[in-house]
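Chain residues, written in single-letter form:
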Amino acid sequence: MMKRRHFLAATAGGVMMGGLPAWAGGRAVASRGTADYAAFLGGVRQQALSAGVPSAIVEQSLALAQAPNQEVLRLDRHQPEFTLTWAQYRARVISSAREEKGRQAWQRVRGTLSPLGQTLGCDDNAIMGIWGLESGFGEHQGRFNVIEALATLAFDGRRAAFFRSELIKAMQILAQGAISPASMLGSYAGAMGQPQFMPSAYLRFAADGDGDGKANIWSSEADVFASIANYLGRSGWRRGEPWGEEVVVPLGSNGQFTALAATKSRHAPVHPVSTWQAMGVRPVQSSGFLAPQATGSLLQPDGPGGQAFLVYHNFRAIRAYNPSDYYALAVGILGDRMTR
């Protein structure tokens, strides 16, 4: 773990230090570490200029990061350590209210979304699932200035080198003119806009969906949909194929499924659907398997007795967006329910 630099944190009641309030404007004012932070910003300034970022953009950006943001540090250092089960996670993120909101949103945007997905190699269900989980269909993009958050974590975070690289990339994005430095909002960890792209993901996958020559993932829904579709399409999504489906695992299989099913997809063996069917696995839906000619893995995220899924190739494409089985399952389930 990196050695943390020290600067004055906010104290209750606005205690005075050296004649200055310990809390001003919602941020801590450092009495120790100020010189270190100034030197850090100087190094970032030179690195950004060397990376080709115009000096005006560099100065506008760093003017937004004059001191470390204490709330960013608090959130970074006090992330919850408990682990949810799949059943608990599912109850939190998959609700009838979210499904209904998503169905209404899809009806409103499908005329824009569907053609972009088709062009970029993705289906509506996956785009809608990610849009819903990442930002509540655009309503919750994060309230932190991305430059300030990334500078804070690059100076005093747990992964300083990673966040410093993302900070330089964020300034490169600003140089493209899609958004102003002050309007570049996101999470405390720098995930940006409606699809919650890190700057490195933006530079790789952000796409112009409305034809204005920019990829505005903050306020252009067409650009949001194009960017998500481009990310999934380039991660191997196969249009027209399911991500997976819920199945029933037979009881009394003499340990067979203990060996073949997995609680994590990265450990799960892959077999043809016909092989799973021969072993007694059955689809929950009555019309048969969604992809009878496919290969897939049997995933039981909560272990034997819990919900079971056969997951196919497109499940891995969702995991390229966020490498969590819970997340990929929720995207798939929500997306299917919202767009059927």
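Predicted, not measured: the structure shown is a model, and the values here were computed from it.

Describing the overall build of the protein
Next up, step 1: A count of helices and strands for the protein gives 14 helices and 11 strands.
Next up, step 2: For the protein, the proportion of its 340 residues judged to be buried stands at 49%.
Next up, step 3: Residue pairs at least 24 apart in sequence account for 70% of intrachain contacts in the protein once pairs closer than 6 positions are excluded.
Next up, step 4: Put simply, the protein shows about 15800 Å² of open surface, and 51% of that area lies on carbon and sulfur atoms.

Thoughts on the sheet that holds strand β8 (residues 270-272)
Next up, step 1: In spatial order, the strands read β8-β10-β11-β7-β9; together these 5 strands make up an open sheet with antiparallel pairing. On the outer flanks of this sheet lie β8 and β9 (282-283), each paired with one strand and no other.
Next up, step 2: In this sheet, β9 lies alongside strand β7 (residues 244-248) in antiparallel orientation, the contact comprising 2 bridges. From the neighbouring strand, V248 faces β9, where its bridge partner is R282.

Considerations on the packing of helix α5 (residues 96-120) against helix α10 (residues 221-234)
Next up, step 1: α10 packs onto α5 with a crossing angle of 35° between their chain directions and a minimal axis gap of 9 Å. The handedness of the crossing between α5 and α10 is right-handed. Where α5 abuts α10, its residues R108, V109, T112, L113, L116, G117 and L120 lie against E221, A222, F225, A226, A229, N230 and G233.
Next up, step 2: For the contact of α5 with α10, the per-class residue count stands at 8 nonpolar, 4 polar and 2 charged.

What to know about the packing of helix α4 (residues 86-93) against helix α14 (residues 325-339)
Next up, step 1: Where α4 contacts α14, the axes come no closer than 11 Å and their chain directions differ by 45°. Accordingly, the angle class assigned to the pair α4 and α14 is oblique. Viewed along their axes, α4 and α14 form a crossing whose handedness is right-handed. Taken together, the residues of α14 that come into contact with α4 (itself represented by W86, Y89 and V93) are Y326, Y327, L329, A330, I333 and L334.
Next up, step 2: Class assignment for the residues of the contact of α4 with α14 results in 9 nonpolar, no polar and no charged.

Topic: the pattern of salt bridges
Next up, step 1: By the definition in use, this model includes 13 salt bridges.
Next up, step 2: Salt-bridge contacts for E71 lead to R74; the nearest nitrogen and oxygen are separated by 3.7 Å. Placement of the pair is E71 and R74 together in helix α3 (residues 70-77), with a separation of 3 residues, close to one helical turn.
Next up, step 3: Classification of R74 as partly exposed rests on a relative accessible area of 45%.
Next up, step 4: Salt-bridge contacts for E71 lead to R143; the nearest nitrogen and oxygen are separated by 2.4 Å.

A closer look at the side chain of S220
Next up, step 1: Mapping S220 onto the fold places it in the loop between α9 (199-205) and α10.
Next up, step 2: What makes S220 buried here is its relative accessible area of 11%.
Next up, step 3: Of the polar contacts made by the side chain of S220, one reaches the side chain of D210; its length is 2.8 Å.

Side note on unusual backbone geometry
Generally, phi is negative for residues other than glycine and the peptide bonds are trans, each holding for most cases.
Next up, step 1: You will see that F137, though not glycine, has its phi angle at about 65°, which is positive.
Next up, step 2: Its place among the elements puts F137 in the loop between α6 (124-135) and β5 (144-145).

Structural notes on the side chain of D123
Next up, step 1: Mapped onto the elements of the fold, D123 is located in the loop between α5 and α6.
Next up, step 2: D123 sits in the buried class, given a relative accessible area of 14%.
Next up, step 3: Polar contacts involving the side chain of D123 include one to the side chain of W237, which spans 2.8 Å.
Next up, step 4: With near-sequence residues (within four places) excluded, D123 lies in contact with W237, R238, R239, G240 and E241.

Overview of the pairing of β7
Next up, step 1: When β7 meets strand β11 (residues 308-311), the two strands line up antiparallel, connected through 4 bridges. Residue pairing across strands places G244 opposite V311, the latter belonging to β11.

Some details on the environment of G280
Next up, step 1: The topology assignment puts G280 in the loop between α12 (273-278) and β9.
Next up, step 2: Each C-alpha atom, one on G280 and one on V249, is 6.9 Å from the other, the two residues being 31 residues apart in sequence.

A closer look at the nonpolar core
Next up, step 1: Core analysis: the biggest nonpolar cluster contains 83 residues, and F40, M128, W131, M171, M184, Y202 and W243 have the highest contact counts within it.
Next up, step 2: Ignoring sequence-local partners within four residues, the contact set of Y202 consists of I173, Q176, A178, M192, F197, A215, I217 and W218.
Next up, step 3: Membership of the second largest hydrophobic core comes to 14 residues, among which are V249, M279, A308 and Y312.

Topic: the environment of V247
Next up, step 1: The residue V247 is located in strand β7 in this model.
Next up, step 2: Overall, the relative accessible area of 4% leaves V247 in the buried class.
Next up, step 3: For the pair formed by V247 and L298, sequence separation is 51 residues and the distance between their alpha carbons is 8.8 Å.
Next up, step 4: With residues near it in sequence (within four places) discarded, V247 still touches V281, R282, P283, V284, F289, L298, A308, F309 and L310.

A short note on the packing of aromatic side chains
Next up, step 1: Considering all chains together, one arrives at 17 aromatic pairs under this definition.
Next up, step 2: Look at W243 and F315: their rings are 6.4 Å apart centre to centre, the planes differ by 35°, and that puts the pair in the tilted class. With a gap of 72 residues between them, W243 in the loop between α10 and β7 and F315 in helix α13 (residues 313-321) connect regions that are remote in the sequence. Of the two residues examined, W243 and F315, each falls in the buried class.
Next up, step 3: Within the aromatic cluster, the residues linked to one another by ring pairs are W86, Y89, W243, F309, F315 and Y326.

Calculation notes
- Per-chain numbering applies: the sequence of each chain, read as written, is numbered from 1 onward.
- It should be noted that, the model being predicted, local features are given only for residues of pLDDT at least 70 and side-chain atom pairs only at 80 or more, the latter also being counted only at that level, while totals for whole chains, interfaces and linings use all residues.
- The side-chain figures draw on all heavy atoms in the structure; neither hydrogens nor water molecules are used.
- In this description a helix means any DSSP run of H or I spanning at least four residues, a strand means any run of E spanning at least two, and both kinds are numbered starting from the N terminus.
- Partly exposed describes any residue whose relative accessible area lies between the buried limit of under 20% and the exposed limit of over 50%, with all areas from a 1.4 Å probe on protein chains only and scaled to the type maximum.
- Contacts are assigned to residue pairs with any non-hydrogen atoms lying within 4.5 Å of each other.
- Here the open area of atoms and residues is found with the Shrake-Rupley method and a 1.4 Å probe, where only the protein chains shown may cover a residue.
- DSSP-based pairing: two strands are paired if at least 2 bridges between them are found.
- Here, axes are lines fitted to C-alpha atoms. For helices the fit covers the stretch in contact, and angles between N-to-C directions go from 0 to 180 degrees.
- The crossing is said to be left-handed when, going from far helix to near helix, the turn is anticlockwise and less than a right angle, and right-handed when the turn is clockwise.
- Residue polarity follows a fixed list, in which Ala, Val, Leu, Ile, Met, Phe, Trp, Tyr, Cys and Pro are nonpolar, Asp, Glu, Lys and Arg are charged, and the others, Gly among them, are polar.
- Any angle that falls under 35 degrees is termed roughly parallel, while one over 145 is termed roughly antiparallel, one within 65 to 115 roughly perpendicular, and all others oblique.
- Salt bridges are defined by distance alone: a side-chain nitrogen of Lys or Arg within 4 Å of a carboxyl oxygen of Asp or Glu.
- Two N or O atoms count as a polar contact when they lie within 3.5 Å, although within protein this holds only if one can serve as hydrogen donor and the other as acceptor, and sequence-adjacent residues are included solely when both atoms are side-chain atoms.
- Residues belong to a common nonpolar core when they are buried Ala, Val, Leu, Ile, Met, Phe, Trp, Tyr or Cys residues joined through side-chain atoms within 4.5 Å.
- Pairs were defined over the aromatic rings of Phe, Tyr and Trp, the Trp ring being its six-membered one, requiring ring centres within 6.5 Å. Orientation was assigned from the angle between planes: stacked under 30 degrees, edge-to-face over 60, tilted for the rest.

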